[in-house]
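Geometric and topological summary
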Amino acid sequence: MAAPCKRMASRAVIPILSQFRRTWSKNNVFCQGFSTSFCRQTLQTRSVIEKATSPWRLLAAVCLQRLPVISAKCSPIEQQFKEMLQQMELEKSLISDHEMRLLEDVERLRRKQAGDYDSDEEDSRGGQEIVLSQDLEDMWEQKLKNFEPAPRVRADAEKDLTSLERCMADSLLLLSEHQVGDKKLWLMPQSEWQEGETLRQTAERALASLSADFKATFLSNAPCGVYKYKLPKGARTDSLIGMKVFFFKAVLSHRAPPASTNKPFLWLKKSELEGYLKPAYMKNVERFLIDQ
C-alpha cells in the first residue's frame, strides 16, 4: 500500500516542478535580455555624453608627398663604386657583335694590304656600299656631340616654393596656410572631422578644399601620426580646450601644377620644414617622415 501512495505523490509533484522550471527559465532569459539591452543603451548614452562633453576637437591632415622625379647625384664614394662595377662588368663581359665586326674589318684590311683579298669570294653584298665599323663609331660620336641633355635644375623654378618643378631629385611635402586663433600658421592641409565621415575622408576633403588639381593616392586607411595641442588661452572655452590632429600619408599621382587654389601653399623639402613649422608640430611630423 505504501508503494502505490509514493508513486501517486511523485506524480503530483513532478508537474509542479516542471512548471516552476519553465517559469524560472523564462524569467532568467528575460533578465539576461533586459540586462544586455540595458548595458548596450548605457554604453551608447555614455558615448554620446562623452562626445558631447569632450573638450577636444578632431581634425585630419594629409601629408602629401611629391616623390623624386630624377635620380640624385652620386656622392664621391658612390661614384667610385659605380666606376668599379662598370670596370668589373667590362672585364667579365663577352665580345659584342660590334667588336666582332671591328676585328673582321681589321682582318679584311690586313689581307687587302697583303694582296690576299678576293672581293668576289669574300664580299657577298654585291654593289652595296660597305660601311666600316670605324665609320659607324665616328657617326655615333658626332651624334653624341650634337646631343644636349635636358637640364637637371630649372633656374626659374628652384626659388619658387609653389612650383612642383623645383628640386626634381628630392622629395617635396605640401604645406598650406591656416588660421589658428588670431594667427596664420603653415601646416599640412587639414580639416575638422564631421559627423558621418571617417578620418581618411576628412583628410581627402582637406586636400580637395585646397585645389581640385591635386590627385593623390592615400597609402592607408589608418593615420600615421597624431598631434595634440591646446588653443591659446584667449580662445579656450569650457567646452573646447584644444585639437587632436591625425595625419594620413599620400603620394601625389598627378604632377600638373594647379590652375587655381583657395589657400596659399608651399612645396618644401624635409630640411626646409623647420623654417615654417612650429617646433612642437615639427617634432611630431618628423616621427613619420623618412629621410630622403
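For the structure, check the block above.
Residues numbered from 1 in each chain as written. Predicted model: local features only at pLDDT ≥ 70, side-chain atom pairs only at ≥ 80, totals over all residues. Heavy atoms only, no water.

1. Quick look at the overall build of the chain
- From N to C terminus, the chain includes 8 helices and 8 strands.
- Put simply, the chain has 292 residues, and 24% of those count as buried.
- Total accessible area on the chain is roughly 21,200 Å²; 56% of this is exposed by carbon and sulfur atoms. (Helix = DSSP H or I, 4+ residues; strand = E, 2+ residues; numbered from the N terminus. Buried < 20%, exposed > 50% of the residue type's maximum accessible area, 1.4 Å probe, protein only. Areas by Shrake-Rupley, 256 points an atom, 1.4 Å probe, with all protein chains shown as cover.)

2. So, the environment of T198
- As for its placement among the helices and strands, T198 is situated in the loop between β4 (190-192) and α7 (199-210).
- Judged by relative accessible area, which is 44%, T198 ranks as partly exposed.
- Between the C-alpha atoms of T198 and A222, which are 24 residues apart in sequence, the distance is 10.0 Å.

3. Section: the packing of aromatic side chains
- A full pass over the atoms with the stated rule returns 7 aromatic pairs.
- Taking 5.7 Å as the distance between ring centres and 85° as the angle between the ring planes, the aromatic pair formed by F214 and W267 counts as edge-to-face. Highlighted residues: F214 in the loop between α7 and β5 (216-218) and W267 in strand β8 (residues 265-268), separated in sequence by 53 residues.
- Classification of W267 as buried rests on a relative accessible area of 0%.
- Between F247 and Y281 the ring centres are 5.7 Å apart and the planes differ by 75°, which places this aromatic pair in the edge-to-face class. You can see F247 sitting in strand β7 (residues 242-252) and its partner Y281 sitting in helix α8 (residues 279-285), a full 34 residues away along the chain. Comparing F247 with Y281, the two get one shared label, buried.
- Residue placement shows K228 over the ring face of W56; its charged tip is 4.4 Å from the ring centre. (Phe/Tyr/Trp six-rings, centres within 6.5 Å; stacked < 30°, edge-to-face > 60°. Lys NZ or Arg CZ within 6 Å of the ring centre and 35° of its normal.)

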